[in-house]
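Geometric and topological summary
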Amino acid sequence: MNHLGFKIDKVKIGSFDFTCCEGCQLQLANKESTLPAFLGLLDIRNFREISSERHDDYDIALVEGSITRSDEVERLKAIRAQAKVLIAFGTCACFGGVNNLKNKIPQDEAVKVVYGDKKVETMPSMKISDIVSVDLMIPGCPVSKAEVERIVVGVVTRSPNNLPKYPVCVDCKQKLNTCLFDLGEVCLGPVTKAGCDAVCPTGKTPCLGCRGPSDDMNFPSFIQIVKEKNLSLDEMQEKLAFYNGFADYLDHES
Amino acid sequence: MKVDFNIDIHHLPRVEGHGNIHISVKNGTLEKAQWEVIETPRFFEMMLRGVSAERASFLTSRICGICSISHSLASIRTLERAMEIEPPEAAKTIRLLAMHGETLQSHALHLFFLAAPDFLDMPSAVPILHSHPEIVKAGLLLKELGNEMSIATTGRATHPVSLVLGGVSKAPSKQRLKELKEMILKRRTALDRTTDFFRTLSIPEFVRETEFISLRNGKDYPFIGGDLVSTDGVVRDENDYLLMTNEYLTDFSTSKFTRVSRQSSAAGALARFNNNSRLLGHRAHDIAASFGLEPICHNPFMNNIAQLVECHHIFENAEMLIESLLDDDLQEIRTPYKLKAGEATGAVEAPRGVLYHHMETDDKGKVLKADCIIPTTQNNANIHYDLQALAAEAVKDGKTDRETEKLCEMLVRSYDPCISCSVH
Ligand code: SF4
Ligand code: SF4
Ligand code: SF4
Ligand SMILES: [Fe+2]
């Protein structure tokens, strides 16, 4: 395998899913035209969704989903012990994702709503870094395949991996979209980390912050804008809580 | 010879989600065959409480990475019916095209990446990339076409962006639609190559009579809304979904089981075909006949062929839908609405079968109560009883434990179960 003229070894990779929709893993099979080339970079050691072969000698572990059961905690620790590089893959893994919405009520009540009197084990949803150390985060619900390719190639070639520091608005404005704030909607673009090509506002729906807080943003001035435009603070709160990426900010502002 | 063996497949590979198969044979007779779902439940019905109507479909799409468009549209349909919102015709057409894209993508993924390796005796599609490169390439072309249809209609392949209450927030450009039509025409050869490839595979002969459940609306091969029907003659209104599911719990599975007129029932491509084959496009119809697929087919392994037949139908129907969008000025794509209190069911045919969402809202449109019944949930009991019949037959025919294991795995995969979805 050659990359920029350097000979590199195929990277031994494993993909593991926990509590989630498995939509991030599915992105790995997207961008079909470059898929065979991307697969050529990888030595897939463990990927239950697509292969019945299983080996435990992977170096990179992609970990998808949040943690909601004790057997998942154990499985995750074993993966951490094996992997040289553990990547939190997707919003559920990075922040808890929509799964954390179930933490708003006591867990036994949640069980009662769905399962009645049957005993079903569950615990409040936790992000991967609540349990083990994480080397890299790739946020997104779902992740963007282009970004995943870039990061995986970066790990293989040992070059630095940086996510954009600026917010979604920057990409959105470049696309000359009409700002949703001008259409009377609360959009989290000003405070959310870019890298998704502003896909939601480009489709005329507000950003719900799936990629988490941007490094270069001003949270108080965002709230100020929402207030000045006379938009609903409740709606803003609901959106900020959606993927749990803004948990730290929500605690300050209520 | 009287054989003894146990089959314990933990985390069955090449299916979406986590399920186990347990079989035990003593003295040449089957003692137990069980389908267990051990997926971690996520409690979406609980998460939905208090979510505003405008956000609900963005939450439920996260039930499933493969059929996110179906979940999104089931929620939207539920809430539109609850609040008496009628989306414009163009939006309905765009939504149907989105469903086609998702189904094509999902069927291609299943047929090539999950099912085909079984038929070729390979652990995954990766070695098939070397042994049959042109076949995998055809599969990727179909899957990509499905994704392109979803991206053009909803903004993204997984987790749609522009499907919203009242219609769609953005219509595809005419240019995009023309490109899509071109792409469909060009990729017919990939579909034909796929069809030829499936003719070379031998589909196991196995029959266990069951009841097939799907939507039916009489005018098109159903994807969105309609009556709930079964091959045993049951017909019910969309809102009476509970009578069509009768969910119950078992002590070995975190996913629920369902039944209607019999011990178990089935949903999915084969069920849709069995109830609606008359409404298929001409070409899809001929392809079905050429595979000897006719209603009512009770061989679950033929679900693979029914999926292939549906791919043909999607090619034909998508072209017509695009034509009608090209004739529309696409100005009216979203109806204004008022949020209000209400309650309704929305049913759509997701790639793996009929999917029900039911919601009740308060006068501000916040969700008070939600219920979601997933296609795989409706197949769990059928898989379970099929496994018992199939394993008993295999043992009677003197098959070894390896042969029995392989057949059982193939059986489960034929249903294309989406386990994480079923434990939402
Ligand atoms: S981050 Fe989103 S797409 Fe990825 S697994 Fe979680 S819910 Fe699915
Ligand atoms: S629509 Fe959203 S992302 Fe785009 S500019 Fe406005 S606030 Fe920023
Ligand atoms: S626009 Fe916002 S919600 Fe949409 S993908 Fe980007 S970060 Fe996520
Ligand atoms: Fe449910």
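This is a predicted model, so every value here is computed, not measured. (Residues numbered from 1 in each chain as written. Chains lettered and ligands numbered in written order. Predicted model: local features only at pLDDT ≥ 70, side-chain atom pairs only at ≥ 80, totals over all residues. Heavy atoms only, no water.)

1. Focus: the sheet that holds strand 9 (residues 265-266) of chain B
All names here are of chain B. Pairing in this open sheet of 4 strands is mixed, and the strands run 8-7-6-9 from one edge to the other. Both outer strands of the open sheet, strand 8 (235-236) and strand 9, are each paired with one neighbouring strand and no more. Docked against the sheet, helix 9 (residues 269-276) engages strand 6 (211-216), strand 7 (227-230) and strand 9, running at close to 75° with respect to strand 6. (Pairing = 2+ DSSP bridges. Helix = DSSP H or I, 4+ residues; strand = E, 2+ residues; numbered from the N terminus. Contact = heavy atoms within 4.5 Å. Axes fitted to C-alpha atoms, helices over the stretch in contact; angles between N-to-C directions.)

2. Here we look at unusual backbone geometry
Looking along the chain, the bond that leaves A:Cys141 and enters A:Pro142 is cis, with omega of 5°. Position of A:Pro142 among the secondary structure elements: in the loop between strand 7 (136-138) and helix 6 (145-156). Residue B:Pro295 is joined to B:Ile296 through a cis peptide bond whose omega torsion reads -5°. Examined against the element boundaries, B:Ile296 turns out to sit in the loop between helix 10 (282-290) and helix 11 (303-326). The phi dihedral of A:Glu22 falls on the positive side, at around 65°, and the residue is not glycine. Within the element layout of this structure, A:Glu22 appears in the loop between strand 3 (11-17) and helix 1 (23-28). For A:Asn230, which is not glycine, the phi torsion reads 60° and is therefore positive. Within the secondary structure, A:Asn230 is located in the loop between helix 9 (219-228) and helix 10 (233-241). Judged by relative accessible area, A:Asn230 falls into the exposed class, the value being 70%. (Buried < 20%, exposed > 50% of the residue type's maximum accessible area, 1.4 Å probe, protein only.)

3. Quick word on the packing of aromatic side chains
All names here are of chain B. Going through the model one piece at a time under the given rule, you end up with 14 aromatic pairs over all chains. Judged by centre distance (6.3 Å) and plane angle (90°), the rings of phenylalanine 112 and phenylalanine 198 are edge-to-face. A residue pair is termed long-range when its members are at least 10 positions apart, and phenylalanine 112 in helix 4 (residues 89-119) and phenylalanine 198 in helix 8 (residues 188-199) qualify at 86 residues. On the basis of relative accessible area, phenylalanine 198 is assigned to the buried category, the value being 2%. Ring centres 5.4 Å apart and planes at 80° place the aromatic pair phenylalanine 197 and phenylalanine 198 in the edge-to-face group. (Phe/Tyr/Trp six-rings, centres within 6.5 Å; stacked < 30°, edge-to-face > 60°.)

4. Here's the deal with the domain arrangement of chain A
Residue and element names in this part refer to chain A. What the domain assignment lists for chain A is domain 1 (2-157) and domain 2 (169-253). Summed over both sides, the interface of domain 1 with domain 2 buries roughly 860 Å², with 58% coming from carbon and sulfur. Where domain 1 touches domain 2, the interface holds 1 salt bridge. Across the salt bridge formed by arginine 211 and glutamate 147, the nearest N and O atoms sit 3.0 Å from each other. At the surface where domain 1 touches domain 2, the tally comes to 5 residue pairs in polar contact (both at pLDDT 80 or more). Residues belonging to the side of domain 1 that touches domain 2 are distributed by class as follows: 5 nonpolar, 5 polar and 1 charged. (Domains from an automatic or database assignment. Buried area = accessible area lost by both parts, 1.4 Å probe. Salt bridge = Lys/Arg side-chain N within 4 Å of Asp/Glu carboxyl O. Polar contact = N/O pair within 3.5 Å; in protein donor to acceptor, adjacent residues only side chain to side chain. Nonpolar A, V, L, I, M, F, W, Y, C, P; charged D, E, K, R; others polar.)

5. Some points on the pairing of strand 2 (residues 19-26) of chain B
Residues and elements named next belong to chain B. Counting buried positions along strand 2 yields 7 of 8 residues, so the element is predominantly enclosed. For strand 1 (residues 5-9) and strand 2, the ladder comprises 5 bridges, and the chain directions are antiparallel. Paired with phenylalanine 5 across the two strands is valine 25, which belongs to strand 2. Pairing analysis gives 8 bridges linking strand 2 to strand 3 (residues 29-37), with the strands arranged antiparallel.

6. Focus on the packing of helix 4 of chain B against helix 6 (residues 133-154) of chain B
Residue and element names in this part refer to chain B. Relative orientation of the contacting elements helix 4 and helix 6 amounts to 155°, with a least axis distance of 8 Å. Compared by their axis directions, helix 4 and helix 6 come out roughly antiparallel. Here the hand of the crossing between helix 4 and helix 6 comes out left-handed. The residues of helix 6 that touch helix 4, namely those facing Ile94, Leu97, Ala98, His100, Gly101, Glu102, Leu104, Gln105, Ala108, Leu109, Phe112 and Phe113, are Ile135, Gly139, Leu140, Leu142, Lys143, Leu145, Gly146, Asn147, Met149, Ser150, Thr153 and Thr154. Of the residues belonging to the contact of helix 4 with helix 6, the class tally is 13 nonpolar, 9 polar and 2 charged. (Parallel < 35°, antiparallel > 145°, perpendicular 65-115°, else oblique. Left-handed = near helix turned anticlockwise from the far one by under 90°.)

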